[in-house]
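# Structural overview for review
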Amino acid sequence: METLKKNEVHTGKVIDLTHEGHGVVKIDRYPVFVPNALIEEEIEYKLIKVKKNFAIGKLLEVKNKSKDRVEPPCVYYYKCGGCQLQHMTYQAQLNMKKEQVVNLFHRKGPFEDTPIQPTLGMEQPWRYRNKSQIPVGKDKDNKAIMGFYRQRSHDIIDMDSCLIQDEQHQNIMNYVKHWFNELNMSIYDEKNKRGLMRHLVIRTGYHTDEIMVIFVTNGKKFKNANVLVQKLISEFPNITSIKQNINDTHSNVIMGPQSVTLYGKDKIVDELSEVTFNISDQSFYQINSAQTEKLYQKAIDYAQLTGEEIVLDTYCGIGTIGLYMAPQAKHVYGVEVVPSAIKDAQENATKNQLNNTTFECGKAEDVILEWKAQGIKPDVVMVDPPRKGCDETFIKTLLKLNPKRIVYISCNPSTQQRDAQLLSDNYHLVEITPVDMFPQTTHIETVALFERKEN
Ligand code: SAH
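Criteria and cut-off values
- Residues numbered from 1 in each chain as written.
- Predicted model: local features only at pLDDT ≥ 70, side-chain atom pairs only at ≥ 80, totals over all residues.
- Heavy atoms only, no water.
- 1 Å grid on protein atoms, 1.4 Å probe; cavity = no way out; pocket = protein on both sides within 12 Å on 5 of 7 lines; lining within 4 Å.
- Points joined across faces, edges and corners; volume = space filled by probe spheres on them.
- Helix = DSSP H or I, 4+ residues; strand = E, 2+ residues; numbered from the N terminus.
- Nonpolar A, V, L, I, M, F, W, Y, C, P; charged D, E, K, R; others polar.
- Axes fitted to C-alpha atoms, helices over the stretch in contact; angles between N-to-C directions.
- Left-handed = near helix turned anticlockwise from the far one by under 90°.
- Contact = heavy atoms within 4.5 Å.
- Domains from an automatic or database assignment.
- Pairing = 2+ DSSP bridges.
- UniProt positions renumbered as here; feature names shortened; annotations may be inferred.
- Buried < 20%, exposed > 50% of the residue type's maximum accessible area, 1.4 Å probe, protein only.
- Polar contact = N/O pair within 3.5 Å; in protein donor to acceptor, adjacent residues only side chain to side chain.
- Patch = residues over 30% accessible without salt bridge, like charges linked within 9 Å, V, L, I, M, F, W, Y side chains within 5 Å.
- Areas by Shrake-Rupley, 256 points an atom, 1.4 Å probe, with all protein chains shown as cover.
- Salt bridge = Lys/Arg side-chain N within 4 Å of Asp/Glu carboxyl O.
- Lys, Arg positive; Asp, Glu negative; His and termini not counted.
- Charge placed at Lys NZ, Arg CZ, Asp CG, Glu CD.
- Disulfide = S-S within 2.5 Å.

### Let's talk about the layout of surface pockets
Gaps between atoms show up when a probe of the same size as a water molecule is rolled over them. Its boundaries defined by the atoms lining it, the second largest pocket holds a volume of some 1,100 Å³. Along the wall of the second largest pocket there are 30 residues; nearest its centre are His 22, Pro 35, Asn 36, Gln 151 and Arg 152. For the lining of the second largest pocket, the element with the highest residue contribution is strand E6 (residues 55-62), accounting for five residues. Looking at the lining of the second largest pocket, its residues break down into 13 nonpolar, 10 polar and seven charged.

Structure below.
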């Protein structure tokens, strides 16, 4: 709106929340998005960005606090880009996530009447991350800093605790930071692309408590690697693997393709519901293990297996879902594009003596076409793609395979809604359950059941 100016202070009532958790205030019909404001609150805010169709406001004062408002427990919350919803009660976060799925699916046919279940939440929605990827940098006195990126930037905020990480990770992070300074470790500088240490990645097996520590370095030569290894293993006895990953690219991707083992095993082990998994440093593994068990259980309930079914586990990662289901199916075929993940899946099948499984490496859209040509006729297809959803050719082949049920897990309900529309002539969308895999953040995960329309 032309009459509005940057830095002006306004007051107004919050009428809605965006999918980023920002409050929406209207000046006439012009929307202003205000982070950290909640529905029903009367707020004072300053315009910090004024665009043609919307503005961004900074919250200055809340005149009447919403019953959903809480004091964020983390001291870094208002700076760090990691969490967005700590100022809301957990129940309000769960309700908001369900509402977003309702808005997405009920807004447009043919899903107006699809039941959306309440979001499955965590009992203790903290300390859930089994993997931490911590950037390393230097402050102006040349001391090592480690923490997280400031909102919408690549500036590192030095921090010594993070309430959504496994507590052991922050202890390891603080210990490593101390030794980086003692040893005068060379640290990577994003601006001039020089220096060695880029990221510290830590992974924990939820049920085994095995820890893997990965130093991501710009180049191979790693002075003092042995000293760090000895220090770490004497201080943290459950570290079972220490690796160096070499990333000498200038991109934002955290890990490079090559890793070497500096100490211990080259993989960590975890268990989910009596199945054991080997996990390589590069393979995808669900971040929140407690919630993964709920997510997979819901997916299995939806699959309604009797022991007679041919199941496809598409976008299978290290085979977790398929291996979970194999004891209740006739045969499981898994497909995944990352070679190390498929190697893990094959090893995991052997390790658990689940011989009724076949895992293939390739793009899901290509491999299911080959399976179709081989005459494989699935009864149930599990679909769990990355954020961009499925390739259109994948959906076309899926329709030809014509399984009785499709169980679609998604980390981005808007692409799931798009794909659901492509299925909707032949499949009835029976129900969707949101599952909170990332409490305190705006990420939403859903699992949906589709059933073939019989005519
Ligand atoms: N089902 C697994 C992994 C889900 S994450 C689990 O629950 O752990 C999505 C996976 O899809 C990732 O492992 C990613 O590598 C894989 N992927 C991405 N694009 C793909 C494609 N076109 N074909 C097959 N797999 C793909």
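### Regarding the packing of helix H2 (residues 167-182) against helix H3 (residues 225-235)
It is at 11 Å that the axes of H2 and H3 come closest, and there the two elements cross at 145 degrees. H3 is crossed by H2, and the crossing has right-handed handedness. Here Ile 172, Tyr 175, Val 176, Trp 179 and Phe 180 of H2 lie close against H3, whose contacting residues are Leu 228, Lys 231, Leu 232 and Glu 235. Each residue belonging to the contact of H2 with H3 can be placed in one class, and the counts come to seven nonpolar, no polar and two charged.

### A look at the domain arrangement of the chain
When the parts of a complex come together, some accessible area is lost, and that lost area is often used as the size of the interface. Segmenting the chain into domains produces domain 1 (6-62), domain 2 (92-121 + 287-450) and domain 3 (129-270). The straight-line distance from the C-alpha centre of domain 1 to that of domain 3 is 38 Å.

### Quick word on the sheet that holds strand E7 (residues 131-138)
Reading across the sheet, the seven strands line up as E9-E8-E7-E10-E11-E12-E13 and stay open at both edges, with mixed pairing between neighbours. Bordering the open sheet on either side are strand E9 (156-158) and strand E13 (258-264), each of which pairs with just one other strand. Neighbour-to-neighbour, the strand axes of the sheet open up by a mean angle of 35 degrees, direction not taken into account. Inspection of the sheet shows E7 paired to strand E8 (residues 144-149) by three bridges, in the antiparallel sense.

### Observations concerning the UniProt feature "binding site: S-adenosyl-L-methionine" (unreviewed entry) in the chain
Under the feature "binding site: S-adenosyl-L-methionine" (unreviewed entry), the UniProt entry names Gln 286, Tyr 315, Glu 336 and Asp 384. Here Gln 286 is to be found in the loop between strand E15 (275-280) and helix H4 (289-303). Here Gln 286 falls in the buried class, since its relative accessible area comes to 9%. If we ignore the near neighbours within four places in the chain, the residues touching Gln 286 are Asn 130, Thr 292, Leu 295, Tyr 296, Asp 384 and Met 437. Take Glu 336: it is sitting in strand E17 (residues 331-336). In contact with Glu 336, not counting residues within four places along its chain, are Tyr 315, Cys 316, Gly 317, Ala 341, Ile 342, Glu 360, Cys 361 and Gly 362. Among the polar contacts listed, one links the side chain of Glu 336 to the backbone nitrogen of Gly 317, at a separation of 2.8 Å.

### Description of a negative patch on the surface
On the surface, a cluster of negative charge is contributed by Asp 366, Glu 370, Asp 391 and Glu 392. For Asp 391, the position within the fold is in the loop between strand E19 (380-383) and helix H8 (392-401).

### A word on the pattern of salt bridges
Per the counting criterion, the structure on display carries 13 salt bridges. With a closest N to O distance of 3.1 Å, Glu 210 and Lys 265 form a salt bridge. Remark: Lys 265 occurs in the loop between E13 and strand E14 (267-272) and Glu 210 occurs in the loop between strand E10 (197-204) and strand E11 (211-217); sequence separation between them is 55 residues. Note on Glu 210: relative accessible area 14%, which makes it buried. Overall, the relative accessible area of 36% leaves Lys 265 in the partly exposed class. As a salt-bridge pair, Glu 454 and Arg 452 come within 3.2 Å of each other at their nearest N and O atoms. Connected via shared salt-bridge partners are Lys 267, Asp 344 and Glu 347.

### Examining the state of the cysteines
A covalent bond between the sulfur atoms of two cysteines is what we call a disulfide. The tally for this structure, following the rule as stated, stands at zero disulfides. Lacking any disulfide linkage, Cys 390 is separated from the closest cysteine sulfur, that of Cys 411, by 11 Å. By relative accessible area, which is 7% here, Cys 390 ends up buried.

### What to know about a positive patch on the surface
A contiguous patch of positive charge on the surface is contributed by Lys 6, Lys 49, Lys 51 and Arg 152. Position of Arg 152 among the secondary structure elements: in the loop between E8 and E9. Since its relative accessible area comes to 71%, Arg 152 is described here as exposed.

### A closer look at the sheet that holds E6
Read across the open sheet, the six strands follow the order E1-E5-E6-E4-E3-E2; overall the sheet is mixed. The sheet is open, and its two edges are formed by strand E1 (9-13) and strand E2 (16-17), each paired on a single side. Bridging between strand E4 (residues 30-34) and E6 involves two bridges; their strand directions are parallel. Opposite Phe 33, over in E6, you have Ile 56 as the bridge partner.

### Description of the UniProt feature "active site" (unreviewed entry) in the chain
Mapped onto this numbering, the UniProt entry annotates "active site" (unreviewed entry) at Cys 411. Considering the arrangement of structural elements, one finds Cys 411 in the loop between strand E20 (405-410) and helix H9 (413-423). With residues near it in sequence (within four places) discarded, Cys 411 still touches Pro 385, Pro 386, Arg 387, Ile 444 and Glu 445.

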